[in-house]
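A look at the structure
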Amino acid sequence: MSSAVEIAHRVRAGAVHAAEVVEATLARIDALDPGINAFTARVDAQARRDAAAIDDAVRAGRDPGPLAGVPFAVKNLYDVAGLTTLAGARIHAARPPAVRDAMLVRRLKSAGAVLVGALNMDAYAYGFTTENTHYGATHNPHDPTLTAGGSSGGSAAAVAAGMVPLSLGSDTNGSIRVPASFCGIFGLRPTFGRASRAGTMPFVDDLDVLGPFAASVADLVLACDALCGPDPEDRMCSDRAWRPILPLLSEGVHGLRIAVCNGYFEHPLDPQARSAVQHAARALGVERRVTIPEAERARAAAFVLTAGSAGSLYLADLKERPDDLEPLSRDRLFAGALVPAAWIDRAQRFRRWYHDAVLALFDSVDAIIAPSTPCPAFALGTEMLTVDGVSLPARPNVGLFTQPISLAGVPVAAVPIASDGPLPVGIQVIAAPWREEICLRVAAELERRGAARAWIRS
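Residues numbered from 1 in each chain as written. Predicted model: local features only at pLDDT ≥ 70, side-chain atom pairs only at ≥ 80, totals over all residues. Heavy atoms only, no water.

Here we take up the overall build of the protein. Scanning the protein from terminus to terminus reveals 15 helices and 15 strands. A compact globule built from 458 residues would reach a C-alpha radius of gyration of about 23 Å, and the protein, at 20 Å, matches this within 12%. When the 458 residues of the protein are sorted by exposure, 62% land in the buried category. Considering only residue pairs separated by 6 or more positions, the protein has 77% of its internal contacts joining residues 24 or more positions apart. Of the charged side chains in the protein, 44 are positive and 48 negative; the average position of the first set lies 2 Å away from that of the second. (Helix = DSSP H or I, 4+ residues; strand = E, 2+ residues; numbered from the N terminus. Rg over C-alpha atoms; globule rule 2.2 N^0.38 Å. Buried < 20%, exposed > 50% of the residue type's maximum accessible area, 1.4 Å probe, protein only. Contact = heavy atoms within 4.5 Å. Lys, Arg positive; Asp, Glu negative; His and termini not counted. Charge placed at Lys NZ, Arg CZ, Asp CG, Glu CD.)

What follows deals with the side chain of D171. With respect to the helices and strands, D171 occurs in strand β6 (residues 166-171). Residue classification places D171 among the buried positions, given a relative accessible area of 0%. A polar contact of 3.4 Å, which involves the side chain of D171, links it to the backbone nitrogen of S175. Only 2.8 Å separates the side chain of D171 from the side chain of R177, close enough to count as a polar contact. Among residues more than four places away in sequence, those in contact with D171 are I176, R177, R189, L207, D208, V209 and S406. (Polar contact = N/O pair within 3.5 Å; in protein donor to acceptor, adjacent residues only side chain to side chain.)

Owing to its 3.6 residues per turn, the α-helix aligns residues three or four sequence positions apart on the same side. By the burial criterion, the buried members of helix α11 (residues 327-337) are S329, L333 and G336. Along the axis of α11, the buried positions cluster into a sector of 60°, meaning they face one direction only. Two to three positions downstream of the cap, the backbone nitrogen of L328 sits 3.0 Å from a side-chain oxygen, assigning the N-cap of α11 to E326. (Arc of directions from axis to C-beta.)

Let us now look at the sheet that holds strand β3 (residues 114-119). A sheet is described by the order of its strands in space; here 11 strands give the open sequence β1-β3-β2-β6-β8-β7-β14-β15-β11-β9-β10, paired in mixed fashion. For this open sheet the edge positions go to β1 (39-42) and β10 (289-290), each flanked by a neighbour on one side alone. Contacts from helix α5 (residues 153-160) reach β1, β2 (71-75), β3, β6 and β8 (209-214), with the element oriented near 155° to β6. Across the sheet, helix α7 (residues 217-227) is in contact with β6, β7 (186-189) and β8; its angle to β8 comes to roughly 145°. (Pairing = 2+ DSSP bridges. Axes fitted to C-alpha atoms, helices over the stretch in contact; angles between N-to-C directions.)

With that out of the way, let us pick up the pairing of β6. In terms of burial, β6 is largely enclosed, as six of its six residues are buried. Going residue by residue along β6, you find L166, L168 and S170 tucked away on one face and S167, G169 and D171 tucked away on the opposite face as well. The pairing of β6 with β8 spans six bridges and is classified as antiparallel. Paired with D171 across the strands is V209, a residue of β8.

Moving on, we come to helix α12 (residues 341-361). The terminal C-alpha atoms of α12, which comprises 21 residues, lie 31 Å apart, in line with the 30 Å expected from a rise of 1.5 Å per residue. Those residues of α12 that sit buried are A347, F350, R351, Y354, A357, V358 and L361. For α12, the angular spread of the buried residues around the axis is 140°, confining them to a single face. In α12, the exposed positions angled more than 90 degrees off the buried face are occupied by A341, R352 and D356. Buried residues along α12 sit in contact with β10, α9 (295-313), β11 (367-371) and α14 (403-408). (Expected span 1.5 Å × (residues − 1).)

In the contact formed by α9 and α12, the axes pass within 9 Å of each other and the chain directions differ by 135°. As summarised for this structure, α9 and α12 are arranged oblique, according to the angle between their axes. Crossing geometry of α9 relative to α12 is assigned as left-handed. Here R297, A298, A301, V304, L305 and G308 of α9 come into contact with α12, specifically with W343, I344, A347, Q348, F350, R351 and Y354. Its residues assigned to classes, the contact of α9 with α12 shows nine nonpolar, two polar and two charged. (Parallel < 35°, antiparallel > 145°, perpendicular 65-115°, else oblique. Left-handed = near helix turned anticlockwise from the far one by under 90°. Nonpolar A, V, L, I, M, F, W, Y, C, P; charged D, E, K, R; others polar.)

It is worth spelling out the pattern of salt bridges at this point. If charged atoms from side chains of opposite charge come close, those side chains can pair. On inspection of all chains with the given rule, the structure shows 27 salt bridges. The salt bridge involving R12 is made with D63; its shortest N-O contact spans 2.9 Å. Taken together, the positions of R12 in helix α1 (residues 4-13) and D63 in the loop between α3 (44-59) and β2 put the pair 51 residues apart, joining distant regions of the chain. The exposure class assigned to D63 is exposed, which follows from its relative accessible area of 56%. A salt bridge links D56 to R59; the shortest N-O distance between them is 2.6 Å. Taken together, the residues D56 and R59, both in helix α3 and three residues apart, mark about one turn of the helix. According to the relative accessible area criterion, R59 is exposed, its value standing at 58%. (Salt bridge = Lys/Arg side-chain N within 4 Å of Asp/Glu carboxyl O.)

With that out of the way, let us pick up unusual backbone geometry. Geometrically, the link from G150 to S151 is a cis peptide bond, its omega value of 5° lying close to zero. In this structure, S151 sits in the loop between β5 (143-147) and α5. The omega angle of the peptide bond from H267 to P268 is 0°, so this bond is cis rather than trans. The topology assignment puts P268 in the loop between β9 (258-261) and α8 (271-284). With a phi close to 65°, Y124 is a non-glycine residue in the positive phi region. Position of Y124 relative to the elements: it lies in the loop between β3 and β4 (139-140). Positive phi, normally seen in glycine, also occurs at W434, with a value near 70°. With a relative accessible area of 21%, W434 lands in the partly exposed category.

This part covers the nonpolar core. One finds F39, Y124, V415 and I427 to be the most contacted residues of the largest nonpolar core, which totals 151 residues. In contact with F39, other than residues within four places in its own chain, are I29, D33, A73, V116, G117, A118, L119, A158, M163 and V164. Membership of the second largest hydrophobic core comes to 12 residues, among which are C375, F378, L385 and V398. (Core = buried A, V, L, I, M, F, W, Y, C linked by side-chain atoms within 4.5 Å.)

The next point concerns the environment of R257. Along the chain, the position of R257 falls in the loop between α7 and β9. Take R257: its relative accessible area is 35%, and that puts it in the partly exposed class. The sequence separation of R257 and Y78 amounts to 179 residues, and the corresponding C-alpha distance is 37 Å. Not counting residues within four places of it along the chain, the set of residues in contact with R257 comprises F362, D363, S364, V365, D366 and A367. Here the side chain of R257 touches S364 through a polar contact of 3.5 Å, landing on its backbone oxygen.

The following block contains the structure:
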């Protein structure tokens, strides 16, 4: 699979037809997805029509857009016209099909990209492993016995397997960063409120963020430049204008103050995960350390807010159709419905303090490096992990290092680190709100220096 940048360049130049790109993509999905289970639905006929329209535009001398002919797929919590929006849950399967694409799907299509299907996920976006009882687990493209991460596991696996160059996911507590780490690709969790959530199934309204996955920083930025910006359809979306980032990547990290996160983020870490952070720091010449205050309490607050929101959202189903809910998350939904209002109030008050405390760090640094996951991907079905001598329940603790960052609402680039190990593992590059370009400049510099690379199945 060629890069998004290369596909768009060749289609716009008339060197290749979008129809050819789409046919090759569909054939690769046919060949690979049975062993991965990334896709839950295909839109082949519409993809062929959209590709034909792009080719017609090129022949007529019209600009088909910066993503001309680039295939993409979306987590199945995005509305896709003609498909039922599942959010990974059988309980939604009887709903009528969506009549309109989600805003971000429309934006990519307007830029010339071609949607080919919807992707598997943890039910309700409540999980970190994409072990879906009703639609099957998504398998890691680098070893099918392992998890792809979650909850956007299908989105990450589809890119890492080389089935599509771009995909869209969501990130509440780490659902872009965890599968990006386990599958070895790039991802971006934008600032909360930066990308429209119109036309998507909610999970935690004041934590949910949407963002892309890609096999290179340039591809990721090409997608971001099409996706991000104000949208009056989403009441939580900021009216801040988006400044295109692609022209800024050549600036590198000159003048940026970068630090490595210490304290809470140093343990427990598998040797490869620890090495990934060290490798990135060495590549950039970073020696400075910074402490994110009360990170452990921030993670606890994120748990409380997530549980309470999820329990409330699915309360009617808990009462009326409990047997139809995902077994791996049903008990957590019940528990969330019982979270006292006083706990939620305290978590929200702490969140306001924590947000300000994290922002204060960026008075003296521009970017912070932290691990994405405590370890590389582990076997599907794993109940307990032992990392750095610490025994942990596997599914909830994959987000050990992503949840505290989510609570602050800041932008984070997920960066796969190059190593000689058998499996990928990634880092987070964190910046102040609305400074996505800093995250991506650091990611691009790591890629340029050979310290970061996507692990794409050949």
